[in-house]
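Here are the chains, one letter per residue:
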Amino acid sequence: LTPFSASEDMRSTWQGKAGRSPLQALYESDQFEQSSLQAVHQQRREMLSNVCSRYTRKRRLLQPDDLRHLVVDDTHGLLYCYVPKVACTNWKRVMMVLTGQGKYQDPLEIPAHEAHVPSNLRTLSEYSVPEINYRLRSYLKFVFVREPFERLVSAYRNKFTLSYNTAFHKRYGTKIIRRHRQEPSDRALERGDDVRFEEFVYYLLDPRTQQEEPFNEHWERVHSLCHPCIIHYDVVGKYETLAEDANYILQLVGADTSVKFPASSKTTRTTDDMTAQFFQDISPFYQRRLFNLYKMDYLLFNYSIPSYLRIR
């Protein structure tokens, strides 16, 4: 994917009498930036491919249910696998601008709740089998990932510590407290709004949890949401390099230059230091088990074992 190489004649028109013109210098710095980004993304794809070949014995066929997280932009030939807690609200806003035929201009003008209304974006699961195969073969496919435990703590903070998330407190909080708290109060059992991180970890590691139903998408592993060993992603963006990677994708698909990925302004963002604090009270035994649960995401996306874990 290299739609950036200008033709020789274009290059020669930029050459002034005194050598390089400012435009030529700009062009060359752009080229350097693009080629170094291409190298980074090539390395990420190779890493993914190597880990997949090492750990997946048999490739299974994709089912329609596997494609619910793949958002389609037929105008630009783009497939985006959204992962909650990895800038997915802003990416959905951008996808609404890209697919909206001029209805939306600025991603940030779209309210966050509107970005998550299912009917506002089409997913690959809504297409016929031939249409699915065509898009998987010919569209640019991308996914954004994040350090797994940082994403997990971000999900916990968002879903269990904010007073307005009553649906999550009722749906998951009450169950977690009933199963994993000794002598819970009647209020806690009814409201489920004071789940401790340690209790959330016990819930994730309880074998009954996944026997009863799949993990909620906010704490489901990326490899289970986006199937990177079956779907060959062209770009694996990272939360840690969000702005550069987002800009790179928009350039690759020839999006209008007025479409900008929103700059992050959140001061409440979950950081590595904050994540380390949450893990202080988790015993080494449970730290190791939790790491094993998310191990494939660590391997596939080349994240190292966090230094704060006591599992060595």
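In the block above lies the structure referred to throughout.
Summary of the structure given here. All values derive from a computational prediction rather than experimental measurement.

### Some thoughts on the pattern of salt bridges
For the structure on display, the rule yields 19 salt bridges. For R44, the salt bridge is made with D245, and the minimal N-O distance between the two is 3.0 Å. Linking R44 in helix α2 (residues 22-55) with D245 in helix α12 (residues 242-252), this pair joins segments that are 201 residues apart in sequence. Of the residues examined, R44 reaches a relative accessible area of 14% and is grouped as buried. Among the ionic contacts, a cluster of salt bridges with common partners joins R171, K175, R179, E212 and E213.

### Let's talk about the sheet that holds strand β4 (residues 78-81)
Taken in spatial order, the four strands line up as β3-β4-β5-β6 in an open sheet, and their pairing is mixed. The sheet is open, and its two edges are formed by β3 (70-73) and β6 (235-238), each paired on a single side. Strand-to-strand, the axes of this sheet are offset by a mean angle of 25°, without reference to chain direction. By the bridge criterion, four bridges tie β4 to strand β5 (residues 140-145) in an arrangement that is parallel. When the bridges of β5 are listed, C81 appears paired with V143.

### So, the packing of helix α9 (residues 197-205) against helix α14 (residues 284-293)
Relative orientation of the contacting elements α9 and α14 amounts to 55°, with a least axis distance of 10 Å. With respect to their mutual orientation, α9 and α14 come out oblique. As α9 packs across α14, the resulting crossing turns out to be left-handed. On α14, the residues touching V201, Y202, L204 and L205 of α9 are Y286, R289, L290 and L293. Looking at side-chain class alone, the contact of α9 with α14 contains seven nonpolar, no polar and one charged residues.

### Quick notes on the state of the cysteines
Counted under the stated rule, the structure contains two disulfides. The disulfide partner of C52 is C229, and the gap between their sulfur atoms is 2.0 Å. Across the disulfide from C52 to C229, rotation about the S-S bond amounts to roughly -80°, and the bridge is consequently left-handed. Placement of C52 in helix α2 and of C229 in the loop between α11 (222-226) and β6 is noted, with a sequence separation of 177 residues between them. C229 carries the same exposure label as C52, and that label is buried. Across the disulfide, C81 is cross-linked to C226 (sulfur-sulfur distance 2.0 Å).

### Thoughts on the side chain of T209
On the secondary structure map, T209 appears in helix α10 (residues 207-212). Leaving out residues up to four positions away in the same chain, T209 has contacts with Y203 and F215.

### A word on the layout of surface pockets
By volume, the second largest pocket is sized at about 340 Å³. Around the second largest pocket, the lining comprises 15 residues; the ones closest to its centre are R68, H69, F215, E217 and L225. Looking at the lining of the second largest pocket, the elements that each hand over two or more residues are α7 (166-180) and α11. Across the lining of the second largest pocket, the residue classes tally to five nonpolar, five polar and five charged.

### A closer look at the nonpolar core
With 89 residues, the main nonpolar core has W91, F149, F200, L204, W219, L290 and Y294 as its most contacted residues. Looking at this core element by element, the count peaks at seven residues for helix α3 (residues 88-99). Looking at which domains feed residues into this core, each of domain 1 (22-147 + 221-253) and domain 2 (149-218 + 270-297) gives three or more. Ignoring anything within four residues of it in the chain, the contact list for F149 reads T275, F279, L290, F291, Y294, Y298, P306, Y308 and L309.

### Quick notes on the packing of aromatic side chains
Tallying each qualifying case throughout the model produces 28 aromatic pairs. On the basis of an interplanar angle of 90° and a centroid distance of 6.1 Å, the ring pair of F142 and F144 is categorised as edge-to-face. As far as the burial class goes, F142 and F144 line up, both buried. Between F149 and F279, the aromatic rings sit 4.7 Å apart at their centres with planes inclined by 20°, giving stacked as the arrangement. Taken together, the residues F149 in helix α6 (residues 148-160) and F279 in helix α13 (residues 272-279) connect sequence positions 130 residues apart. For the residue pair F149 and F279, the accessibility class agrees, reading buried in each case. The side chain of K92 reaches across the aromatic face of Y82, ending 3.7 Å from its centre.

Here is what the cut-offs are and how they apply
- Residues numbered from 1 in each chain as written.
- Predicted model: local features only at pLDDT ≥ 70, side-chain atom pairs only at ≥ 80, totals over all residues.
- Heavy atoms only, no water.
- Salt bridge = Lys/Arg side-chain N within 4 Å of Asp/Glu carboxyl O.
- Helix = DSSP H or I, 4+ residues; strand = E, 2+ residues; numbered from the N terminus.
- Buried < 20%, exposed > 50% of the residue type's maximum accessible area, 1.4 Å probe, protein only.
- Pairing = 2+ DSSP bridges.
- Axes fitted to C-alpha atoms, helices over the stretch in contact; angles between N-to-C directions.
- Parallel < 35°, antiparallel > 145°, perpendicular 65-115°, else oblique.
- Left-handed = near helix turned anticlockwise from the far one by under 90°.
- Contact = heavy atoms within 4.5 Å.
- Nonpolar A, V, L, I, M, F, W, Y, C, P; charged D, E, K, R; others polar.
- Disulfide = S-S within 2.5 Å.
- 1 Å grid on protein atoms, 1.4 Å probe; cavity = no way out; pocket = protein on both sides within 12 Å on 5 of 7 lines; lining within 4 Å.
- Points joined across faces, edges and corners; volume = space filled by probe spheres on them.
- Core = buried A, V, L, I, M, F, W, Y, C linked by side-chain atoms within 4.5 Å.
- Domains from an automatic or database assignment.
- Phe/Tyr/Trp six-rings, centres within 6.5 Å; stacked < 30°, edge-to-face > 60°.
- Lys NZ or Arg CZ within 6 Å of the ring centre and 35° of its normal.

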